[in-house]
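# Report on the structure
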Number of protein chains: 4
Amino acid sequence: ASPDKSRTTGIELGLADGRVYASYEDMAREEAKLPADERIEVVSIVTPNHLHFPVAKVFLDAGFDVICDKPLTTTATDADELVRLTQESGRIFAVTYNYTGYPMVKEARERIMSGAVGTVRKVVVEYSQGWLSTLLEAEGQKQAEWRADPARAGQSSALGDIGSHAANLVEYVTGLRAVEMFADMGTLVEGRKLEDDAVVILRFQGGARGVLLASQVSTGERNQLRLSVYGTEGGIEWSHEAANSLRLKSAGGAETVLHSGVEGLSERAEAHTRLPAGHPEGFIESFANVYRNVARTIRTRADGTEAVPFMEDYPTVEDGARGVHFIEQAVESAREGRWIGDGI
Amino acid sequence: ASPDKSRTTGIELGLADGRVYASYEDMAREEAKLPADERIEVVSIVTPNHLHFPVAKVFLDAGFDVICDKPLTTTATDADELVRLTQESGRIFAVTYNYTGYPMVKEARERIMSGAVGTVRKVVVEYSQGWLSTLLEAEGQKQAEWRADPARAGQSSALGDIGSHAANLVEYVTGLRAVEMFADMGTLVEGRKLEDDAVVILRFQGGARGVLLASQVSTGERNQLRLSVYGTEGGIEWSHEAANSLRLKSAGGAETVLHSGVEGLSERAEAHTRLPAGHPEGFIESFANVYRNVARTIRTRADGTEAVPFMEDYPTVEDGARGVHFIEQAVESAREGRWIGDGI
Amino acid sequence: ASPDKSRTTGIELGLADGRVYASYEDMAREEAKLPADERIEVVSIVTPNHLHFPVAKVFLDAGFDVICDKPLTTTATDADELVRLTQESGRIFAVTYNYTGYPMVKEARERIMSGAVGTVRKVVVEYSQGWLSTLLEAEGQKQAEWRADPARAGQSSALGDIGSHAANLVEYVTGLRAVEMFADMGTLVEGRKLEDDAVVILRFQGGARGVLLASQVSTGERNQLRLSVYGTEGGIEWSHEAANSLRLKSAGGAETVLHSGVEGLSERAEAHTRLPAGHPEGFIESFANVYRNVARTIRTRADGTEAVPFMEDYPTVEDGARGVHFIEQAVESAREGRWIGDGI
Amino acid sequence: ASPDKSRTTGIELGLADGRVYASYEDMAREEAKLPADERIEVVSIVTPNHLHFPVAKVFLDAGFDVICDKPLTTTATDADELVRLTQESGRIFAVTYNYTGYPMVKEARERIMSGAVGTVRKVVVEYSQGWLSTLLEAEGQKQAEWRADPARAGQSSALGDIGSHAANLVEYVTGLRAVEMFADMGTLVEGRKLEDDAVVILRFQGGARGVLLASQVSTGERNQLRLSVYGTEGGIEWSHEAANSLRLKSAGGAETVLHSGVEGLSERAEAHTRLPAGHPEGFIESFANVYRNVARTIRTRADGTEAVPFMEDYPTVEDGARGVHFIEQAVESAREGRWIGDGI
């Protein structure tokens, strides 16, 4: 946003003098001119939402791979455009739905895909925070300011910022796509411009039912993301507050609790675990798993380095676009008070 | 249902020979003829739902106090009739929403009423079971048979059997009344005649928002009832799986965990606790708290025994009737796919 | 202790006038004179420890069955005498180590006996309370007064009151008998006459090792009793704070969590469970299981009522005596600072 | 151990060709010859235990700062020698007791130091693992091989490898030094040369009592380290399995649960937390906190960079030496079956 600040930060980070740019447009243009072995390998976009699209577009156009925060864009049209550009350019485009980077989330996916709960019938996912229980955006808190500002956050706050994580988590773990939804969105803090509380009732392909809760005004909740999936044969539960564990629920009522690093886990989970059982890993490592997989994919394509198992297990631009459609349809459903059902 | 079986059971229970009756009508009529100090003091109705109304009516008409299982009746009309009869007769009529009998549920109520979470803005309540994940009613299981049969259970299974507990729990703990709802009900087990999964989005007086989940097909869940209430200042959480504890969530993120029997609890909670802290009490004691309070109320009215603090803390016929209206409006909302909002 | 108080209490309890006695000696003598179908069936001794022996002896001598609180007596000599009297008289003598009444404790026993953890190698049991963190016995608190008084409690407070429960729990669940011990006992509250904190290192038959912790000055602990048993193949953990659950630990690190009422439990556990899975039972029901089994045993012997499976699953006078020897040897070991090892 | 392997690994790590050395002696000597701004800043010793001393000595002698794994050495004599060399040389010497790097462990220390539990009276610390439940060292598992080999591990396995962490944790959190101990050590897996299970009864300065459990044969335990501290006013509990939380226990029985990142934590805890509340951090970050503090201390001394608050909060060579004395005295106590009490 500010060339001066860019310069200061760049120097602090130890970047070469000529490679601290006044704008992202400059950066894309100038980096592209450098020889292949000198230029940046990938750009990582961690700006407020409204900048995701223009920045990603410029770098895609300049021939770079992209890693972008979620939600991918503020409109579905922009999201579709990025999908198109990515597909045409053949670039790699990852979206940092980092919760899918947790090994026990990956184990949940593997268990469900291999039939551990039978046919999925019911999904409950909740992402509750309390940090916006007051009008924090009026107090100069930067993270709150842009997230509560339609011009920068887009058309949604609770669903855009955390609900989209929850929706992606359901897709990743169950493989199901929602085909119909009824959303209810509300603003519980007076003076706020976007919704801070939402519930979305979902129908999935094949008839499974779901409920998604997202709230930024659940006062006292720190960052509670939890997912329960129930099928014909059993259930499975993952909670971010016990991120290194996974609970399998048998129809008879007994439970099995798996922990990262224990025996009997899938190769996918093992490939994303760094430490022996009983040594907790956290949020940073979940992000690292996304970035590492993207890096391996880029490296393999770039210089023919041998493919590493599961290196393509990262969220793509298509996942990101589906998330934006989810938000946009939820906003429409909530505004009109009716089911939206033309495929999400 | 069967006079013969009635007789056998009565004898096993050690009832006097002349007081085992062939029908509830006989029982009401004959007991009423006995002198006041010999006749039954109260009748307790623990039949399938469709019999609650006729049995309760007969005993009210015969001048007896009544304790009745939930849901109070299978139609709102019947429920309203029982309210009218109770009010006219001046009898005591209790409904066994037993979860309100837990001391830590009472503590939750006291804390919220005294402002511990500020103004309530958001309620999430979930009651999930997995026992009807298969078509159990087709296998001769008696509890499943009548609960899944519209002729005996009424118009709802998941909401009627467990959702009504959840709705009552919200009312008891928060004091809020729902004024609008959007319900979605589904049947996930093929061949079942009533819904086994439901979600209800709620609006309360004053603008608070709520979500109520009730499911009998959450495979692997035993009897998971949990309630979260969030206000302007904090949150509060009670879970039946840790029934002797209560979590208070501060806006800053730290929690206080109260346990039954610890210092600093309300008089209401203490009056419903039998054992020192650390000695778990359970489901039976929660029921006992409802019955004991009703018994004390009856005794006080009957013979002028001194009133005991909190003895009127039991669910009434009005609470029961509100529960039936809740079910009936949810069924209507789900059938029509629209908000119902004329006060519940 | 006071004939007057006895009389008042007896009347309050609704006892027949002629059957409220001035002393336990009177009671034993007079009740024994009544016809068999009128006299008491069993006596339950819930006095301070020093009275267990004389009361039990009088009632055994008068031909009655006995249920007695733990520790059985204040000296091993007295305990051995009660064992002898019981064996000679053929009476039933139960000791209320009530924690063995929990269904999931019984399940733990069944699992270990059937090899779920392989050969037991290691046991850790802890019983921690904080209620005696201050000199409560000096403030007129009756429960503290007698427990801290050597004349009434015997030679130990922490081990006598709660450590003996822990020792019995280990014996019940593992079937192992300790053969050697090193005890360390301390008094952490100034002015207290008995130990309020103890640790006992144990050796069991066959070479298994154990540690028993008992403390009444673990400030903030309510009533934390927990047991971990480790064998060659796995581990098992039960905690009183989650009394309805049992954790089985596999060698590979995954856990299975069983809950009372779920499918796949032993007949022994099922026979001591009243409610479906997910409906918590508590301390009262654990006591009730001990009393019910004793009652069934007495009834069967008395009138030939058919034996009920597991009715003899209650702690006996021999279990009680072993507990007193345990205390006495621990006191000796702690006093002399050496291993005691002549079989316990 | 192998110059060839050293070379291969060095190249893989991208080290400059001339700086991959055949031995640690070469490395110390050659690096010392480089100009100050080119040579290594610090050496990190992560070898089996028996090499800690010779490697540390060589690098200290050559004028380098040292970071070393625990236990510091295999004999107390060697440990004392390193303390002496460090003090004489003025070098920085850190020992990676990484559990003290967790922010909530630091919060525990701050709370206790500021009187939250009153005067400490009782400490229970347990470190239980199950990974050595079989004779893993005979199966070629490298981590087990050297840990179970007296020539490389030293005189203890369970106490040396994990018990020393537990002992350090107690010292760090309570500030107490043990002055007397009674240890019991056993080998539960046949064929093993060192103890795999230990219990140590402790007396601290001022009369507090403690118990330390360390086991490598608690089959099914992953890495269970937990600490409870009880004082005159309350208790505090930290468990590695919920590393981001801390439980404060009030004398009345209610608990407060703190989480990393919540409001109201000490500056010390905040300074060692990277993420907002609800975003779990793990084992790697705990290690990173130790390394970061050492790095800051080295940097400040080297170039006068401004001191950062809490940068000296890392375990020192003195802490490491005390840990070795602890092990050595425990071995002696266990061998002789008596209290050892000349200050630890």
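Each value, and the rule that gives it
- Residues numbered from 1 in each chain as written.
- Chains lettered and ligands numbered in written order.
- Predicted model: local features only at pLDDT ≥ 70, side-chain atom pairs only at ≥ 80, totals over all residues.
- Heavy atoms only, no water.
- Helix = DSSP H or I, 4+ residues; strand = E, 2+ residues; numbered from the N terminus.
- Rg over C-alpha atoms; globule rule 2.2 N^0.38 Å.
- Buried < 20%, exposed > 50% of the residue type's maximum accessible area, 1.4 Å probe, protein only.
- Contact = heavy atoms within 4.5 Å.
- Areas by Shrake-Rupley, 256 points an atom, 1.4 Å probe, with all protein chains shown as cover.
- Lys, Arg positive; Asp, Glu negative; His and termini not counted.
- Charge placed at Lys NZ, Arg CZ, Asp CG, Glu CD.
- Buried area = accessible area lost by both parts, 1.4 Å probe.
- Salt bridge = Lys/Arg side-chain N within 4 Å of Asp/Glu carboxyl O.
- Least-squares fit on C-alpha atoms with pLDDT ≥ 70 in both.
- Pairing = 2+ DSSP bridges.
- Axes fitted to C-alpha atoms, helices over the stretch in contact; angles between N-to-C directions.
- Polar contact = N/O pair within 3.5 Å; in protein donor to acceptor, adjacent residues only side chain to side chain.
- pLDDT = per-residue confidence, 0-100.
- Expected span 1.5 Å × (residues − 1).
- Phe/Tyr/Trp six-rings, centres within 6.5 Å; stacked < 30°, edge-to-face > 60°.

## A few points about the overall build of chain A
- Broken down by element type, chain A carries 11 helices and 11 strands.
- Relative to the globule expectation of 20 Å for 344 residues, the C-alpha radius of gyration of chain A, 21 Å, shows essentially globular dimensions.
- Along the three orthogonal principal directions, the C-alpha set of chain A runs to about 65 × 50 × 35 Å.
- Every one of the 344 residues in chain A was classed for burial, and the buried ones make up 58%.
- Here the analysis covers contacts within chain A between residues at least 6 apart in sequence; of these, 67% occur between residues at least 24 apart.
- Accessible surface, chain A: about 13,100 Å² in total, of which carbon and sulfur atoms supply 50%.
- Put simply, chain A has 36 plus and 52 minus side-chain charges, and the middle of one group is 1 Å from the middle of the other.

## Focus on the interface of chain A and chain D
- Counting residues at the interface gives 18 residues for chain A, matched by 18 residues for chain D.
- Buried surface at the junction of chain A and chain D, both sides included, amounts to about 1,500 Å², of which 68% is carbon and sulfur.
- Run the count over chain A and chain D and you get zero salt bridges.

## As for the relation of the copies chain B and chain A
- Note on the copies: chain B fits chain A at an RMSD of 0.0 Å, the axial shift is 0.0 Å, and the rotation between them is 180°. Expressed as a symmetry operation, the mapping of one chain copy onto the other fits a two-fold axis. Among all C-alpha atoms of chain B, that of R338 of chain B lies closest to the rotation axis, at 3.7 Å.
- Most of the interface of chain B is mirrored in chain A, where 100% of its interface residues again form contacts.

## Considering the sheet that holds strand β2 (residues 65–68) of chain C
All names here are of chain C.
- As summarised here, the arrangement of the three strands in space is β1-β2-β3, forming an open sheet in which the pairing is parallel. Both edges of this open sheet fall to β1 (42–45) and β3 (93–95), since each of them pairs with a single strand only. Recorded for the sheet is a direction-independent mean angle of 15° between the axes of neighbouring strands.
- By the bridge criterion, three bridges tie β2 to β3 in an arrangement that is parallel. In the strand pairing of β3, V66 is matched with F93.
- On the sheet, helix α10 (residues 283–303) packs against β1, β2 and β3 and is oriented at approximately 175° with respect to β2.

## Topic: the pairing of strand β10 (residues 245–250) of chain C
Residue and element names in this part refer to chain C.
- Bridging between strand β9 (residues 234–239) and β10 involves four bridges; their strand directions are antiparallel. Its bridge partner being in β10, G234 is matched across the sheet by S250.
- Sheet topology note: the β10/strand β11 (residues 255–259) ladder contains five bridges and is antiparallel. Note on β11: the bridge partner recorded for R247 is V257.
- Hairpin geometry of β10 and β11 is characterised by an intervening segment of four residues between the two adjacent antiparallel strands and by a positive phi of about 110° at G253.

## Things to note about the side chain of S157 of chain B
- Assignment of secondary structure puts S157 of chain B in the loop between α7 (150–153) and α8 (158–174).
- With near-sequence residues (within four places) excluded, S157 of chain B lies in contact with L132, R147, I162, L194, E195 and Q216 of chain B.

## Quick look at the interface of chain B and chain A
- The interface of chain B with chain A comprises 38 residues on the first partner and 38 residues on the second.
- Across the chain B/chain A interface, buried area totals approximately 3,300 Å², and carbon plus sulfur atoms make up 50% of it.
- When residues of chain B are sorted by the area they lose upon contact with chain A, R121, R209 and T219 of chain B head the list and together hold 20% of the total.
- At the junction of chain B with chain A, the criterion picks out 12 salt bridges.
- Note that K122 of chain A is salt-bridged to D197 of chain B, the shortest N-O span being 2.9 Å.
- Seen at the junction of chain B and chain A, the total is 23 residue pairs in polar contact (both at pLDDT 80 or more).
- The set of elements that each furnish at least two residues to the side of chain B that touches chain A consists of β4 (120–128), β5 (178–186), β6 (197–204), β7 (209–215), β8 (224–231), β9 (234–239) and β10 (245–250) of chain B.

## Points about the confidence of the model for chain A
- Confidence along chain A averages 96 in pLDDT terms, with 99% of residues attaining 70 or more.
- Predicted complex metrics record ipTM = 0.96 and pTM = 0.97.

## Remarks on the relation of the copies chain A and chain D
- Between chain A and chain D, which share one sequence, the superposing operator has a rotation angle of 180° and an axial displacement of 0.0 Å; the RMSD is 0.0 Å.
- By residue overlap, the copies meet face to face through one surface: 100% of the interface positions of chain A are interface positions in chain D.

## Quick word on α10 of chain C
- With 21 residues, α10 of chain C extends 30 Å from end C-alpha to end C-alpha; this agrees with the ideal 30 Å at 1.5 Å per step.
- Considered for burial, the residues of α10 of chain C that qualify are F283, E285, S286, N289, V290, N293, V294, T297, I298 and T300 of chain C.
- For α10 of chain C, the elements touching its buried residues are α10 (283–303) of chain B together with β1, β2, β3 and α5 (103–113) of chain C.

## Details of the packing of aromatic side chains
- In this structure the tally under the stated criterion is 34 aromatic pairs over all chains.
- Note on F182 of chain C and F182 of chain D: the rings are 3.6 Å apart at their centroids and 5° apart in plane angle, and the pair reads as stacked. Residue F182 of chain C is found in strand β5 (residues 178–186), and its partner F182 of chain D is found in strand β5 (residues 178–186); the two belong to separate chains.
- Here the aromatic rings of Y99 of chain D and Y127 of chain D are separated by 5.8 Å at their centres, their planes lie at 85°, and the arrangement is edge-to-face. With a gap of 28 residues between them, Y99 of chain D in the loop between β3 (93–95) and α5 (103–113) and Y127 of chain D in strand β4 (residues 120–128) connect regions that are remote in the sequence.
- Residue Y99 of chain D is classed as buried on the basis of its relative accessible area of 3%.
- Overall, Y127 of chain D belongs to the buried group, its relative accessible area being 2%.
- An aromatic cluster of three or more residues is present, and its members are Y99, Y102, Y127, W238, F283, F287 and Y291 of chain A.

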